[in-house]
Amino acid sequence: TIVCILWMYPIVLILINSLKKEVAITTSGVFSLPTSETWNGVANFVASVTQMDFLKSFWYSLVISVMSVVLILLCCSMCAWYIVRVNGVLSKILYYLFIFSMVVPFQMVMFTLAKTADTLKLNTPYNICIIYLGFGAGLSVFMFTGFMKSIPLEIEEAAMIDGCTPIQTFFKVVLPIAKPTCVTVTILQAMWIWNDYLLPYLILDMDYKTIPIHIQYLNGSYGHTDTSAIMALIVLSIVPIIIFYFACQKYIIEGVVSGAVKG
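Notes on the structure in this doc start here.

Quick notes on the rules
- Residues numbered from 1 in each chain as written.
- Predicted model: local features only at pLDDT ≥ 70, side-chain atom pairs only at ≥ 80, totals over all residues.
- Heavy atoms only, no water.
- Axes fitted to C-alpha atoms, helices over the stretch in contact; angles between N-to-C directions.
- Helix = DSSP H or I, 4+ residues; strand = E, 2+ residues; numbered from the N terminus.
- Parallel < 35°, antiparallel > 145°, perpendicular 65-115°, else oblique.
- Left-handed = near helix turned anticlockwise from the far one by under 90°.
- Contact = heavy atoms within 4.5 Å.
- Nonpolar A, V, L, I, M, F, W, Y, C, P; charged D, E, K, R; others polar.
- Patch = residues over 30% accessible without salt bridge, like charges linked within 9 Å, V, L, I, M, F, W, Y side chains within 5 Å.
- Areas by Shrake-Rupley, 256 points an atom, 1.4 Å probe, with all protein chains shown as cover.
- Salt bridge = Lys/Arg side-chain N within 4 Å of Asp/Glu carboxyl O.
- Buried < 20%, exposed > 50% of the residue type's maximum accessible area, 1.4 Å probe, protein only.
- Phe/Tyr/Trp six-rings, centres within 6.5 Å; stacked < 30°, edge-to-face > 60°.

### A word on the packing of helix H5 (residues 89-101) against helix H7 (residues 129-148)
Orientation of H5 relative to H7, taken along the N-to-C sense of each, is 130 degrees, at an axis distance of 7 Å. Taken together, H5 and H7 sit at an angle that is classed as oblique. Relative to H7, the crossing made by H5 is left-handed. Residue-level inspection shows Tyr-95, Phe-98, Ile-99 and Ser-101 of H5 in contact with H7, the latter providing Ala-137, Gly-138, Val-141, Phe-142 and Thr-145. The residue inventory of the contact of H5 with H7, partitioned by class, reads six nonpolar, three polar and no charged.

### Some words on the packing of helix H8 (residues 153-161) against helix H9 (residues 166-177)
Interaxial distance between H8 and H9 falls to 10 Å at its minimum, and their mutual angle equals 140 degrees. Taken together, the axes of H8 and H9 lie oblique to each other. Viewed along their axes, H8 and H9 form a crossing whose handedness is right-handed. Taking contact as the criterion, the partners of Ile-155, Glu-156, Ala-159 and Met-160 in H8 are, on H9, Pro-166, Thr-169, Val-173, Val-174 and Ile-177. When grouped by side-chain class, the residues that make up the contact of H8 with H9 number seven nonpolar, one polar and one charged.

### Here we look at the side chain of Thr-169
Take Thr-169: it is sitting in helix H9. Other than its neighbours up to four places away in sequence, Thr-169 contacts Trp-81, Glu-156, Ala-159, Met-160, Cys-164 and Val-174.

### Focus on a nonpolar patch on the surface
On the surface, a nonpolar cluster with roughly 880 Å² of combined accessible area is contributed by Phe-100, Met-102, Val-103, Val-104, Met-108, Val-109, Phe-135, Leu-139, Phe-142 and Leu-188. No other element matches the three residues that H7 contributes to the nonpolar patch. Mapped onto the fold, Met-108 is located in the loop between H5 and helix H6 (110-119). Since its relative accessible area comes to 62%, Met-108 is described here as exposed.

### Here's the deal with the packing of aromatic side chains
Per the counting criterion, the structure on display carries 10 aromatic pairs. Residues Tyr-132 and Trp-192 carry aromatic rings whose centres are separated by 5.2 Å and whose planes lie at 80 degrees to one another, so their mutual orientation is edge-to-face. In this pair, Tyr-132 sits in helix H7 while Trp-192 sits in helix H10 (residues 179-195), placing the two residues 60 residues apart along the sequence. Given a relative accessible area of 0%, Tyr-132 falls into the buried group. Counting every residue linked through ring pairs, the aromatic cluster contains Phe-54, Phe-58 and Trp-194.

Now the structure itself:
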């Protein structure tokens, strides 16, 4: 309970200040509750959307998150299926390479990655998903591999006898069975990609600002800064991912535990 309160307190604090006038934040402090004189309500949210170009940043974050998650799900699930079913020397080496990528610190590769991304023209919201695939593949392949081991081989053999090709077997039999793991991977990767600041900051051109970068530039710009509108902007940025998480949270434990049946 204490840990939960400590985690929730900053979010509650941001929500309270997003409803107050800016003068109330600077005079009475950020910890005071809104009163009838300091209440500003939805005006802060309207100002953050209309005056701070929020919709453009929201679009870039949405495109990057959706494209990256779809690419991770498709490629990593197929790769895990190959690793489990082929089970040869090459597949084992490939599997351990994915595991090894999970322990490599991002700081070791970020400068080389930024140079490579500029050379290959991966510095747009529509291409950066390839980089996110590389960083998200380690955990995703690990989770999918654990689940694929629990799928009976007889189900796939029955599909082959009925005339399914390997591709049809994967998309019509294996992938539907792996739905809990797909949802779990989607939640984990979407929350990471949506809130990620460092990778888009290093890779993307300054014309493409995701929500975290957009908020940082508003907070650090010279001149007057509307603190209450920024608070409202932060609330608007975390609401979509919170709604998405609560809508899919029941699949997280199911997806994690389902891969632990077989080692």
